[in-house]
Amino acid sequence: MKVGYKSRGIVLKLLVIALIFFIAGCRAKEGLVPAESGPLKIYTTFYPLYDFTKKIVGDRAVVENLQPAGVEPHDYEPSPRQIASIYSGKLFIFLGEPMDAWAKKIEGQLQEKGVVTLEAGKGLIENNDPHIWLDPLLAREIARRIFEAVATVDGDNKSYYEKNYHELDEKFAMLDREYRDTLNAVTRRDIVTSHAAFGYLARRYGLNQIPISGLSPQQEPSAQQMAELITLCRSKGVKYIFFETLASPKLAEALAREAGAGTLVLNPIGGLTKEEMEASEDYFSIMAKNLAALKKALE
Ligand SMILES: [Zn+2]
């Protein structure tokens, strides 16, 4: 009986997907241009893109983030149903490989069906390191690209988006100034991070990142690398080891214990936890907390 129930669910899901593709197909045939009913719908792959887009479109468009709250964004792939739903949007915003490799794969199909796509990190991502949003000035460029894409698909509301975008742009400029001023004034330069998420930020403000894991939290160090890290932290007199909200703090805690250091959160903002969402945290509030943590660790 359970099996029958399940398979009925699957049939229903397939029907929903078929229907969505059918509607998307019809829209594409009609040339997709005017006479659209309902608000402009935009899909983003993960949190920073969602947050910047929301801040630009305000209440003039619906923004759906595919990555659920509390999910670590590396290696995250949406369900087939979520992917099907992207076809019902007018604009699809993703960062680019290696962050959301699946998105690059469907980009051509989306465009064929009349969905406008934006690969927001194109030309900004270097050495397979996707964490560009943690550099306020690269994040600012991402937001500029999002504004241009939104203004293109919804020209009627361009001046409204433009106003929001200018406010957002000024926030990035302010954030950059705060980071510059604060980090110019600290004496230490080494930051020991949970995974290698802060390379762009470190480069921008003259810090030296020592990551415990690799470019994703899944790339854990060997026992020998851990031993080397302990020696390095001791010799440099590192005061705090950073851990993060969406990955296990186990390694950071072990390193801190062995090196006689404390621990602090440095949030890579790849995604927000449910609690952070409920507390109305956003990119800027978390970046401010990150800066306070950096100051404390590097003073
Ligand atoms: Zn990461």
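Here's what I pulled together on the structure shown here. A quick note: this is a predicted structure, and the numbers were derived from the prediction, not measured.

Parameters at a glance
Residues numbered from 1 in each chain as written. Predicted model: local features only at pLDDT ≥ 70, side-chain atom pairs only at ≥ 80, totals over all residues. Heavy atoms only, no water. Donors = N, O, S within 2.8 Å, 3.2 Å for Na, K, Ca; no water. Helix = DSSP H or I, 4+ residues; strand = E, 2+ residues; numbered from the N terminus. Buried < 20%, exposed > 50% of the residue type's maximum accessible area, 1.4 Å probe, protein only. Core = buried A, V, L, I, M, F, W, Y, C linked by side-chain atoms within 4.5 Å. Domains from an automatic or database assignment. Expected span 1.5 Å × (residues − 1). Polar contact = N/O pair within 3.5 Å; in protein donor to acceptor, adjacent residues only side chain to side chain. Axes fitted to C-alpha atoms, helices over the stretch in contact; angles between N-to-C directions. Parallel < 35°, antiparallel > 145°, perpendicular 65-115°, else oblique. Contact = heavy atoms within 4.5 Å. Nonpolar A, V, L, I, M, F, W, Y, C, P; charged D, E, K, R; others polar. Left-handed = near helix turned anticlockwise from the far one by under 90°. Pairing = 2+ DSSP bridges. Right-handed = clockwise from strand over helix to strand, strands pointing away.

### Some remarks on the coordination of the zinc ion
Thinking step 1. Coordination of the zinc ion by the protein comes from His74 (NE2), His131 (NE2) and His195 (NE2), over a distance range of 1.9 to 2.0 Å.
Thinking step 2. For the zinc ion, all donor residues lie on one chain, and their spacing in sequence is H-x56-H-x63-H. Within this pair, whereas His74 is found in the loop between β2 (61-65) and α3 (80-86), its partner His131 is found in the loop between β4 (116-119) and α5 (136-153), the two being separated by 57 residues in sequence.
Thinking step 3. Under the relative-accessibility criterion, His74 is labelled buried at 9%.
Thinking step 4. Overall, the relative accessible area of 0% leaves His131 in the buried class.

### Topic: the nonpolar core
Thinking step 1. Counting residues in each nonpolar core, the largest one holds 61 residues, and the members touching the most others are Trp133, Ile142, Ile146, Tyr179, Leu183, Ile269 and Tyr283.
Thinking step 2. Among the elements of the structure, β1 (40-44), α2 (47-57), β2, β3 (91-94), α5, α6 (158-184), α7 (199-204) and α11 (283-298) are those that each provide at least two residues to this core.
Thinking step 3. Here this core gets 10 residues from one element, more than from any other, and that element is α5.
Thinking step 4. Lining this core are residues from two domains, each supplying at least three of them: domain 1 (2-175) and domain 2 (187-298).

### Digging into α5
Thinking step 1. The end-to-end C-alpha distance of α5 is 26 Å, a good match for the 26 Å that 18 residues give at a rise of 1.5 Å each.
Thinking step 2. When we look at burial in α5, the residues that qualify are Pro136, Leu138, Ala139, Ile142, Ala143, Arg145, Ile146, Phe147, Ala149, Val150, Ala151 and Val153.
Thinking step 3. Measuring from the backbone nitrogen of Leu137 back to the side-chain oxygen at the start of α5 gives 2.9 Å, which picks out Asp135 as the cap.

### A look at the environment of Gln225
Thinking step 1. For Gln225, the location among the structural elements is in helix α8 (residues 223-236).
Thinking step 2. Put simply, Gln225 and Ile212 are 13 residues apart on the chain and 8.5 Å apart in space, counted from C-alpha to C-alpha.
Thinking step 3. A distance of 2.7 Å separates a polar side-chain atom of Gln225 from the backbone nitrogen of Ser222.

### Concerning the packing of α6 against α11
Thinking step 1. Close contact between α6 and α11 brings their axes to 10 Å; oriented N to C, the two are set at 5°. Judged by the inter-axis angle, α6 sits roughly parallel to α11. In this structure, α6 uses Leu168, Lys171, Phe172, Leu175, Glu178, Tyr179, Thr182 and Leu183 to contact α11, whose residues at the interface are Tyr283, Phe284, Met287, Asn290, Leu291, Leu294, Lys295 and Leu298.
Thinking step 2. Taken together, the residues of the contact of α6 with α11 break down into 11 nonpolar, 2 polar and 3 charged.

### A word on α11
Thinking step 1. Over its 16 residues, α11 extends 22 Å from the first C-alpha to the last, a length consistent with the 22 Å expected when each residue adds 1.5 Å.
Thinking step 2. Between the side-chain oxygen of the N-cap and the backbone nitrogen of Phe284 there are 3.1 Å, and the N-cap of α11 in question is Asp282.

### Regarding the packing of α8 against helix α9 (residues 250-259)
Thinking step 1. Viewed as axis vectors pointing N to C, α8 and α9 meet at an angle of 50°, and their least axial separation amounts to 9 Å. Of the possible angle classes, the one that applies to α8 and α9 is oblique. Taken as a pair, α8 and α9 cross one another with a handedness that is right-handed. Where α8 approaches α9, its residues Met226, Leu229, Ile230, Cys233 and Arg234 are matched on the opposing element by Leu251, Ala254, Leu255, Glu258 and Ala259.
Thinking step 2. In terms of residue class, the contact of α8 with α9 is made up of 8 nonpolar, no polar and 2 charged.

### A closer look at the pairing of β3
Thinking step 1. Burial along β3 is two-sided: Leu91 and Ile93 facing one way and Phe92 and Phe94 facing the other are all buried.
Thinking step 2. As defined by bridge partners, β1 adjoins β3 across 3 bridges and the pair is classed as parallel. Looking across to β3, one finds that Thr44 is bridged to Ile93.
Thinking step 3. Here 4 bridges tie β3 to β4, and the two strands are oriented parallel to one another. Its bridge partner being in β4, Ile93 is matched across the sheet by Leu118.
Thinking step 4. Taken together, β3, helix α4 (residues 101-112) and β4 constitute a β-α-β crossover, and its handedness is right-handed.

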